[in-house]
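Listed below are the residues making up each chain.
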Amino acid sequence: MSNFPSGFSAEQILDVLSQTNTATAIHSTDEMIIETANNAMIAIWGKDKSVIGKPIEEALPELKGQPFLSMLQKVLHTGVTVSGTDTMAELVVDGQLQPFYFDFEYRAIKNSNGKPYCILHTATDVTHRYLSKLREKELEAEVQAMNEELSAANEELAAANEEMAATNEELLATNEELSESQQELLLVNESLAESEARFRNTVMQAPVCIGVLKGPNLIVDVANAEMLKVWGKTSSIIGLPLDEALPELEGQPFLDILRQTYSTGEVYYGDEAMVTIEHEGVLHNGYFDFIYQPLRDKHGVSGIVVVAVDVTEQVISRRKVQQSENRLNSMVSTAPIGMTVIRGYDLIIERANKRMFEIWDRKEGEVLGNKLLDVFPELIGQPYPEMLYSVLQSGERVAIPELPVKVQTDNGLVDYIVDFAYDPLFDMDGKPEAILATVVNATEMVKARQDLEKAQDTLKQAIESANIGTWSADLQNDSLVTSDVFNRIHGVPEATALKLSDALKMIPADNIDNLKNAVKSAIDMHENFNLEYLMNPMDGGKPKWLKATGKAYYDADNKANIISGTVIDITENKFHDQQKDDFISIASHELKTPVTSLKAALQLMDKVKNNNPPSPMMGKLIEQSNRSMEKVSTLIEDLLNLSRMNEGQLHLNKTEFDLSKTLGQCCNHVRLDGKHNLVLEDLESLIVYADEHRIDQVITNFVNNAVKYAPDSRDIVFNLKRQGDFALVSISDSGPGISEENQEHLFERYYRTDAAGYQNSGLGLGLYISAEIVRKHGGEIGVESELGKGSRFWFTLPL
Ligand code: ADP
């Protein structure tokens, strides 16, 4: 249904209205949806029909930031119409944002309640009108300005005319000057040419490398003698591009730098750059400081001046210094010796190496830069500060090995032993300004040495107390080092410098070859040697049996140079061995005689046993058997006593008895025999507490010996007297006596003086057994004798 009188539909009305030249559009809601827009409006917007139905900012996004949307909204809210003339809006037309000028109106269309529900937007594009007006105004302003300038110029012209007249005069004068100047210029040009030649000459002979490269291809235009020398080329390269002149530059950075200098026009400074240049087919490295200075003419950069100085030697020598400094530094820092530099009388610790910190047991930060005595107050009172001051004073080195020092550590004050040296360091004026202290912690080493010395000493003492002599011979120079015991054994007089050859002279001639051969073969086989040999002591004493051991030490060529070893005196052992051998042979001989005679007597008795009447030999035979038996049993008794004593089983059966009585009653067999008088002289009556049987055995042994060894001594004299708390018994004969040297050994086991032969002798045990019995009683035994005069054997017993 149509509301129009003619029955037009709304679309028709709108279609008609849209034909109007006045641009018209209707917007509704806050988004200002384009309800409709006629062709004129769409043309202004520069869009098409598709904008209809869209919110205005979607349809014309370029309006964002322009005031129109908010103006439209305000109109819709307030109902107050807004209009404007020559208002600028920027719109995208033909794809380009352009300014346009409009006369426009936003009219609120209200419903019956007076509330606005849409806006009728009409606009006329007045851009053309507006711009024409603007141009008009500008032209007017220009004309105005030109008029003003013109009047000013007129005034200036008048003034200039006046000046011109003056200037003409000046010009005349200037012309004269000019001709004079030209004259001068000619002269200057001449001298310039001269000085340029001089300059060129200077450049060519300059002691630095100078070259000029022209154009972007870096054509070598100038290269002085020094440059050619460094390049190792002749002047034939002049005129060539640099990369052809020096093809070896390919791969080095210089061509690129030059090209860059050429293109940027900036100066380039090279510092100790390494350049590899070919000289007669060999590549050489050199170091250069250089400048690439662009040359300019009126068109810009036209070339490059190259100035270079050969610093190869400086670089190499500096590197060498650096290297050796580095080496020194690393040596110092890794040295196994503590090193520190202490400066001035404040004793500031300036530097120290790793080892030094370890010795100090301190960290770098705790020590460096601080005063020595602040860091180590425990040094105050020790000798070190004084020594440091004295080195600073005198400039003289102080070095002392193995000095004790106390250092404060976490474990308290610790004693160290150090080897140290203080070396002065001097300033330019030669005055000591600091000290280089080198310190070796010798604590462990000294302790180890002391332990070793102690061990050696103990060993030496053990060796000496075991009567072992030591010796060491140097085969090269015949020298011999011997111990005191060695010298004593060999009877070497004190302060005698014994040579190896002297020592060998003490060995009897028939022994020496054996000895030398044995030692030689041991050395060859790298074995120890162990020898027994006879030696005649230097002091003329009796020959001694020695047992020597030794070992050779070899030099780098495996040649024995030192032999050392030990020596002991085995004479006694040899003697005892001999005695033992003798004893066995004597004992068997001694037993054999009575046993043989016993056997003979028994055989005879067996023959005559049945004789009738009984054989008169019978009695004699029985007596002979008894005597033999007695002898055998005495020998056996001695042997038994010996073995008992050896096993410590000689038991005493003590009683109190009168010793004078024992003496008076003993040795009846001698009395009966009648060969000797037993003279009892001065027998004091003395009571002893002892084993009477054993004491009788001792006395009988003395008497039997007198009978045996002093057969011609008619009297055998007994004596008994008190001597202090002891009873002294002696039995004397006037027989052959005993030499002093034999007296020494009489009481030893198996000892027999062999003067009288087997007939008289026994087993060499009698006196030994007697001595053991007396000693077991707490008494003493001994002999006094003089050859040819007789012997007096004695013993004592406690009372
Ligand atoms: P033996 O069994 O050989 O007699 P002894 O020990 O009794 O052993 O005596 C040791 C040595 O002392 C004897 O071999 C002898 O040479 C010497 N001797 C002992 N008594 C005398 C003496 N009165 N006069 C001389 N020599 C004696």
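Please refer to the structure placed before this passage.
Residues numbered from 1 in each chain as written. Predicted model: local features only at pLDDT ≥ 70, side-chain atom pairs only at ≥ 80, totals over all residues. Heavy atoms only, no water.

### Here's the deal with the overall build of the protein chain
Thinking step 1. Assigned secondary structure in the protein chain consists of 24 helices and 27 strands.
Thinking step 2. By the compact-globule yardstick of 28 Å for 799 residues, the protein chain is too spread out, its C-alpha radius of gyration being 71 Å.
Thinking step 3. Dimensions of the protein chain, computed from the C-alpha atoms along their principal axes, are close to 220 × 105 × 60 Å.
Thinking step 4. Taking all 799 residues of the protein chain together, 36% fall into the buried category.
Thinking step 5. Summarising the internal contacts of the protein chain: among those between residues at least 6 apart in sequence, 50% fall at separations of at least 24.
Thinking step 6. Summing over all exposed atoms, the protein chain offers an accessible surface of approximately 49100 Å²; the carbon and sulfur share of this is 53%.
Thinking step 7. Once the 73 positive and 121 negative side-chain charges of the protein chain are each reduced to a mean point, those two points are 17 Å apart. (Helix = DSSP H or I, 4+ residues; strand = E, 2+ residues; numbered from the N terminus. Rg over C-alpha atoms; globule rule 2.2 N^0.38 Å. Buried < 20%, exposed > 50% of the residue type's maximum accessible area, 1.4 Å probe, protein only. Contact = heavy atoms within 4.5 Å. Areas by Shrake-Rupley, 256 points an atom, 1.4 Å probe, with all protein chains shown as cover. Lys, Arg positive; Asp, Glu negative; His and termini not counted. Charge placed at Lys NZ, Arg CZ, Asp CG, Glu CD.)

### Some words on the site of the ligand
Thinking step 1. Close contacts around the ligand come from 19 residues, with Asn705, Tyr709, Asp733, Thr753 and Leu767 the closest.
Thinking step 2. One of the side-chain nitrogen or oxygen atoms of Asn705 is found 2.9 Å away from an oxygen atom of the ligand.
Thinking step 3. In this structure, Gly766 approaches the ligand through a main-chain N or O atom, which is 3.4 Å from an oxygen atom.
Thinking step 4. Coverage of the ligand by the protein amounts to 97% of the 540 Å² it exposes when considered alone.
Thinking step 5. At the level of secondary structure, the elements contributing two or more residues to the shell around the ligand comprise α22 (692-709), α24 (766-776) and β27 (790-798).
Thinking step 6. Take the shell around the ligand: its biggest share by element is five residues, from α22.
Thinking step 7. Its residues assigned to classes, the shell around the ligand shows nine nonpolar, seven polar and three charged. (Near = heavy atom within 4 Å. Polar contact = N/O pair within 3.5 Å; in protein donor to acceptor, adjacent residues only side chain to side chain. Nonpolar A, V, L, I, M, F, W, Y, C, P; charged D, E, K, R; others polar.)

### Topic: the packing of aromatic side chains
Thinking step 1. Applying the stated criterion to the full structure yields 15 aromatic pairs.
Thinking step 2. Between Tyr101 and Tyr130, the ring centres sit 3.8 Å apart and the planes meet at 20 degrees, which makes this aromatic pair stacked. On the criterion of sequence distance, the pair formed by Tyr101 in strand β4 (residues 96-110) and Tyr130 in helix α5 (residues 127-205) is long-range, its members being 29 residues apart.
Thinking step 3. Each ring, one from Trp471 and one from Phe529, has its centre 6.3 Å from the other, and the planes form 35 degrees; the classification is tilted. One end of the pair, Trp471, is in strand β16 (residues 469-474); the other, Phe529, is in strand β18 (residues 529-535), with 58 residues separating them in the sequence.
Thinking step 4. Phe529 sits in the buried class, given a relative accessible area of 6%.
Thinking step 5. Aromatic rings pair up to connect Phe254, Tyr268, Phe290 and Tyr292 into one cluster.
Thinking step 6. For the cation-ring pair, Lys574 lies above Trp545, with the distance from its terminal atom to the ring centre recorded as 4.3 Å. (Phe/Tyr/Trp six-rings, centres within 6.5 Å; stacked < 30°, edge-to-face > 60°. Lys NZ or Arg CZ within 6 Å of the ring centre and 35° of its normal.)

### Considerations on the pairing of strand β10 (residues 300-310)
Thinking step 1. Sheet analysis places strand β6 (residues 209-214) next to β10, joined by six bridges and oriented antiparallel. Note on β10: the bridge partner recorded for Leu213 is Ile304.
Thinking step 2. Relative to β10, strand β9 (residues 282-297) is paired through ten bridges, and the arrangement is antiparallel. Considered in β10, the bridge of Tyr292 is made with Val306. (Pairing = 2+ DSSP bridges.)

### What about the layout of surface pockets?
Thinking step 1. Its boundaries defined by the atoms lining it, the second largest pocket holds a volume of some 560 Å³.
Thinking step 2. What lines the second largest pocket is a set of 17 residues, among which Lys542, Pro543, Thr571, Phe575 and His745 lie closest to the centre.
Thinking step 3. Elements that contribute at least two residues to the lining of the second largest pocket include exactly β19 (544-554), α18 (571-608) and α23 (740-745).
Thinking step 4. Here the lining of the second largest pocket takes five residues from α18, the largest share from any one element.
Thinking step 5. Residues of the lining of the second largest pocket, tallied by class, amount to five nonpolar, five polar and seven charged.
Thinking step 6. Shared between two domains, the lining of the second largest pocket takes at least three residues from each, and those domains are domain 4 (467-649) and domain 5 (650-798). (1 Å grid on protein atoms, 1.4 Å probe; cavity = no way out; pocket = protein on both sides within 12 Å on 5 of 7 lines; lining within 4 Å. Points joined across faces, edges and corners; volume = space filled by probe spheres on them. Domains from an automatic or database assignment.)

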